[in-house]
Amino acid sequence: MNDRVPTLHDVPLGLTAEGTRQEFDSMGTVEVPANRYWGAQTQRSLEHFSIGDDRMPKEVYHAYGVVKKAVALVNGDAGRLPRWKVDAIVRAAEETIGGRLDEHYPLYVWQTGSGTQSNMNVNEVLANRAIQLLGGELGSQRPIGPNDDVNMGQSSNDTFPTAMHIAALELIDSRLLPQLRHLRDTIEHKAKGWSDVVKIGRTHLEDAVPLTVEQEWSGWAAQLDQCETEIDHARAGLLQLSIGGTAVGTGLNAPKGFSIDVARRIAELTGKDFVTAPNKFAAQGSLDAIVRAHAALRGLAVALMKIANDMRWLASGPRTGFAELRLPANEPGSSIMPGKVNPTQCEAIVMIAIHVLGSDTAVAFAGSQGNFQLNAMRPVIIDAFLHSARVLADGMEKFRQFSVDGTDLDRETIHGYVDRSLMLVTALSPTIGYQNAAHIAEEALRKGLTLREAAINSGHVDGATFDSIVQPTSMVGSGYGGA
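Since the model is a prediction, treat every value here as computed from it, not as a measurement. (Residues numbered from 1 in each chain as written. Predicted model: local features only at pLDDT ≥ 70, side-chain atom pairs only at ≥ 80, totals over all residues. Heavy atoms only, no water.)

A. The side chain of Thr162, seen in detail. Following the sequence through the fold, Thr162 ends up in helix α6 (residues 156–192). By relative accessible area, which is 0% here, Thr162 ends up buried. Within the structure, the side chain of Thr162 is placed 2.7 Å from the backbone oxygen of Asp158, a separation counted as a polar contact. Engagement of the side chain of Thr162 in a polar contact is seen with the side chain of Ser242, the distance being 3.3 Å. (Helix = DSSP H or I, 4+ residues; strand = E, 2+ residues; numbered from the N terminus. Buried < 20%, exposed > 50% of the residue type's maximum accessible area, 1.4 Å probe, protein only. Polar contact = N/O pair within 3.5 Å; in protein donor to acceptor, adjacent residues only side chain to side chain.)

B. Representation of unusual backbone geometry within the structure. Following Arg142, the chain continues to Pro143 via a peptide bond in cis, the omega torsion being 5°. With respect to the element layout, Pro143 can be found in the loop between α4 (116–133) and α5 (146–150). For Leu205, which is not a glycine, the phi torsion comes out positive at approximately 65°.

C. Broad picture of the packing of α6 against helix α10 (residues 288–314). Two elements in contact, α6 and α10, have axes separated by 12 Å at closest approach and are oriented at 20°. The angle between α6 and α10 falls in the class roughly parallel. Considering only the axes of α6 and α10, their crossing is left-handed. Within the contact between the two elements, α6 uses Met164, His165, Ala168, Leu176, Leu180 and Leu183 and α10 uses Ala289, Ile290, Leu297, Leu300 and Leu304. (Axes fitted to C-alpha atoms, helices over the stretch in contact; angles between N-to-C directions. Parallel < 35°, antiparallel > 145°, perpendicular 65-115°, else oblique. Left-handed = near helix turned anticlockwise from the far one by under 90°. Contact = heavy atoms within 4.5 Å.)

D. How the structure looks around the environment of Ser45. Considering the arrangement of structural elements, one finds Ser45 in helix α1 (residues 40–48). Overall, Ser45 belongs to the buried group, its relative accessible area being 3%. Expressed as a C-alpha distance, the spacing of Ser45 and Tyr108, which sit 63 residues apart in the sequence, is 8.3 Å.

E. View of the pattern of salt bridges. Under the defined criterion, the tally for this structure stands at 32 salt bridges. Among the ionic pairs, Asp10 bridges to Arg91, the shortest N-O distance being 3.0 Å. Taken together, the positions of Asp10 in the segment before β1 (20–25) and Arg91 in helix α3 (residues 83–97) put the pair 81 residues apart, joining distant regions of the chain. One salt-bridge network, held together by shared partners, links Asp10, Arg91, Glu95, Arg100 and Arg129. (Salt bridge = Lys/Arg side-chain N within 4 Å of Asp/Glu carboxyl O.)

This is the structure in structure tokens:
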């Protein structure tokens, strides 16, 4: 293009050519589909790592678009890239961020552990799209080069974990935490409507002393509150970015102040408080921040499994189970048993939780495999993290909409359990002693008597005394079990 400054054209997105074109890298030339923007290194990866059906999550590439846009703007402001190059790269990066170039990011999760191939996939796509916008020839790497221009001042070793943090935080903020809060709020709202309903508690799956339905559900809401606190705490670690560390954390080939400037620009572009990691050797040699963040997801999965299992146990029946809860009937539950309805939303949550627990093992194991200045297990970690966050968020939304929100009580069954409970005898212990109270419960169970009948037969209390002491509503306390 000689010395003329290329002009950015409004070229429609897409390629219609058929067949292949030649692309090149440092190892030689490669035939690439002519209707795709990627280049030689992407094609090599597709040929060498076509393993399974697991593709690198598109959220990673959208986050990478943010990284490349921020870097181009910083390099432009510093005069290292001419403005016309910046504009072309930024335009292509914005199309990536918006998902308009998704079909040009085809790589598999099972690739180089540093994420180099995905970084080069982004570099090649942005370079070729920028070349197209500038009226150049695709594959020529002129006037925009994937390494020299798009990747200026960067390495895969610092950009991939940066994109990981951006993608993870975006999903946490946009989907996971909002759905967690919605579910907690719905549980709290349902609980407050049942503050006057006394039921029998259960420990070891056996009858225990009374509590209210509100108190039981408040425990679930509190679990989710605690999960939110832990996720918020872990979230803070994701705000530290490794960009600027380049290959091993020393920042070789990155200009002075580059890491601070790019982190600041990423913060502006995303509206999140990203900062440069204070120690790039830790940020690149380990993936501790995202391991801790997934551990917080594991904690949420554990809480959700407990809540879902409690609900499906309490809804078991309708004639031969606990039958305290009535869950919404969303679909037929059996292909052979007419009229059967199952707690399917609860089951989905349990399966999601099981999967997240398994993924956490993989993430923790992969996180432990950092060697010297690089953890080379990045793709499996970010794939597992994004999958866990996505299914937890989606699962909580459906669980709330189609189970929790429509759940009601079978008050008659609940009241019947209270009337028949033997553990109400606990209220007599301070008056007649533990051993005497235990014998009353044992006698009632053995002879099929009511607790009142067995207590009067024991001679330790009369009917009036029993009635004044054994009052379920007075046994539930006045709050949520606090001091």
